[in-house]
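If you want the building blocks of each chain, they are given just below.
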Amino acid sequence: MRETTNDTIIVAGATGDLGGRIAKAAVARGAKVRALVRPETAAERIAALEAIGAEPCPVDFDDAQALAHACRGVLCVVSALNGLGETILDTQTRLLDAALGGGAARFIPSDFSIDYRALPTGTNRNFDLRRAFRTRIDTAPIMATSIFNGAFADMLNGQMPLIQRRVRRVLYWGDADTKFALTTKDDVAAYTAAAALDPAAPRDLHIAGAEVSARDLAALMGEVTGRPYGLLRAGSLAALSRMIGVTRRLFPARDQVFPAWQGMQYLHNMFDGRAPSAPVDNGRYDVAWTPLREVVAQG
């Protein structure tokens with residue numbers, strides 16, 4: 001393991017989509033990136049990390065001493081771990097303990113979402129897990145920074161069914177003028193890398209590549225495609241809540257991180273209006289924000 005300086009950061013979950021982007025962005029900012037990987041990680045994933053300039057560090061996440069040793073002498077530990085309670089609570093808590101044991105100054109937990117603090121408990125299972133971990137990290141003697149980016153804008157071209165291109169409609173629930181934040185994964189990664197290298201980063205940072213409503217999206221799609229887009233109201237938020245309950249009972253998939261009903265919960269949170277995206281901290285770091293027009297043009 002190479003010698004560390006105060007520009008060395010840990011990225012846990014670097015073999016995942018967002019984690020890999022964070023590691024790459026941090027290297028681009030001049031950081032020395034130590035990517036924690038499990039010993040059984042496939043060789044091609046190790047090679048991919050080495051190709052972007054990160055240092056893969058195989059470690060058993062169940063071995064507290066080895067994990068603390070891996071976290072020794074770093075400026076910040078960034079968690080891009082994703083999963084259910086075993087990951088977000090158990091593994092991430094072990095990572096937090098290792099950061100403390102290794103003397104890390106700061107910790108960025110795996111939030112990267114809507115600001116769940118404004119939402120009632122029970123409205124989103126994955127947010128509830130992150131809320132529980134927040135309680136743990138806020139009682140630990142370490143500086144933490146959570147990054148709230150709304151939803152990933154990239155998902156408009158696939159997993160998030162708001163833009164119905166075949167019928168030229170934008171789907172929504174509740175109010176078509178409710179604003180929500182959308183930020184690309186690359187922009188979230190670039191901002192996270194900057195925050196990891198910032199010793200004065202505050203507890204919470206809010207970013208938004210774009211702040212739009214369903215009505216705004218329809219107008220943008222019309223401009224991008226040259227064909228008019230309308231709005232399609234799928235129902236009230238109460239109706240969406242009932243649909244979530246039915247889907248969860250019929251297709252529980254409790255061992256999946258993103259079952260169908262979990263995605264529906266996220267949509268409900270977006271249109272709820274209780275987790276506003278503004279004001280934002282976009283200007284704190286030099287990130288070239290990706291225009292939403294560029295994102296939807298790729299769909």
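What you see is a predicted model; the values in this text were computed from it and never measured.

A. View of the packing of aromatic side chains. One pass over the full model with this rule turns up eight aromatic pairs. Relative to F133, the ring of F107 lies with its centre 6.1 Å away and its plane at 45 degrees, an arrangement referred to as tilted. Linking F107 in strand β5 (residues 106–108) with F133 in helix α5 (residues 125–137), this pair joins segments that are 26 residues apart in sequence. Here F107 and F133 have matching classes, each one buried. Taking the centre distance of 5.9 Å and the plane angle of 40 degrees together, the rings of Y191 and W289 count as tilted.

B. Spatial organisation of the environment of L162. As for its position among the elements, L162 is in the loop between β8 (151–152) and β9 (163–164). Other than its neighbours up to four places away in sequence, L162 contacts L156, R169, V170, L171, W173, F180, L217, L267, M270 and F271.

C. The arrangement of helix α8 (residues 237–250) in detail. Relative to the 20 Å expected for 14 residues at 1.5 Å per residue, α8 spans 20 Å between its end C-alpha atoms, a close match to the ideal helical length. Along α8, the residues that are buried comprise L240, I244 and T247. Looking down the long axis of α8, one finds its buried residues gathered within 70 degrees of arc, a one-sided arrangement. Those residues of α8 that are exposed and aimed more than 90 degrees away from the buried face are R242, R249 and L250.

D. Structural context of the side chain of S113. Considering the arrangement of structural elements, one finds S113 in the loop between β5 and α5. Setting aside its immediate chain neighbours within four residues, S113 contacts F127, I147, F148, N149, G150 and Y266.

E. Representation of the environment of A80 within the structure. For A80, the location among the structural elements is in the loop between β4 (76–79) and α4 (85–102). Put simply, A80 and A68 are 12 residues apart on the chain and 18 Å apart in space, counted from C-alpha to C-alpha. Excluding anything up to four places from it in sequence, A80 contacts A12, G13, G19, I22, S110 and F112.

F. Broad picture of the nonpolar core. Of all hydrophobic cores here, the largest spans 37 residues; its most connected members are L156, L162, L182, M270 and L292. Where this core is concerned, the elements lending two or more residues are β10 (169–173), β11 (180–183), β13 (210–212), α7 (214–225), α8, α9 (260–272) and α10 (292–297). Counting residues per element, this core draws most heavily on α9, which supplies six residues. Ignoring any residue separated from it by four or fewer positions in sequence, one finds L182 in contact with N149, A151, A153, L156, M160, A208, G209, A210, V212, M270 and L292. Listed in part, the 36 residues of the second largest apolar core include A26, V33, L75 and C76.

G. Molecular detail of the sheet that holds β11. Taken in spatial order, the three strands line up as β8-β11-β13 in an open sheet, and their pairing is mixed. The sheet terminates laterally at β8 and β13, the two strands that pair on one side only. Looking at chain direction, β11 and β13 are connected through three bridges and run antiparallel. Each residue of the ladder has a partner; that of F180, found in β13, is V212.

H. Here's a closer look at the sheet that holds β9. Pairing is mixed in the open sheet, where three strands are placed in the order β9-β10-β14. Looking at the sheet topology across the chains shown, the edges are occupied by β9 and β14 (230–235). Inspection of the sheet shows β10 paired to β14 by five bridges, in the parallel sense. Bridge assignment links R169 to a residue of β14, and that residue is G230.

I. Local environment of α9. Taking 1.5 Å per residue as the helical rise, α9 with its 13 residues ought to reach 18 Å, and the 18 Å between its terminal C-alpha atoms agrees with that figure. By the burial criterion, the buried members of α9 are W261, Q262, M264, Q265, Y266, L267, H268, N269, M270, F271 and D272. Against the buried residues of α9 lie α5, β8, β10, β11, α7 and α8. Immediately beyond the C-terminal end of α9, within one or two residues, lies G273, with a positive phi of roughly 85 degrees.

Rules used throughout
- Residues numbered from 1 in each chain as written.
- Predicted model: local features only at pLDDT ≥ 70, side-chain atom pairs only at ≥ 80, totals over all residues.
- Heavy atoms only, no water.
- Phe/Tyr/Trp six-rings, centres within 6.5 Å; stacked < 30°, edge-to-face > 60°.
- Helix = DSSP H or I, 4+ residues; strand = E, 2+ residues; numbered from the N terminus.
- Buried < 20%, exposed > 50% of the residue type's maximum accessible area, 1.4 Å probe, protein only.
- Contact = heavy atoms within 4.5 Å.
- Expected span 1.5 Å × (residues − 1).
- Arc of directions from axis to C-beta.
- Core = buried A, V, L, I, M, F, W, Y, C linked by side-chain atoms within 4.5 Å.
- Pairing = 2+ DSSP bridges.

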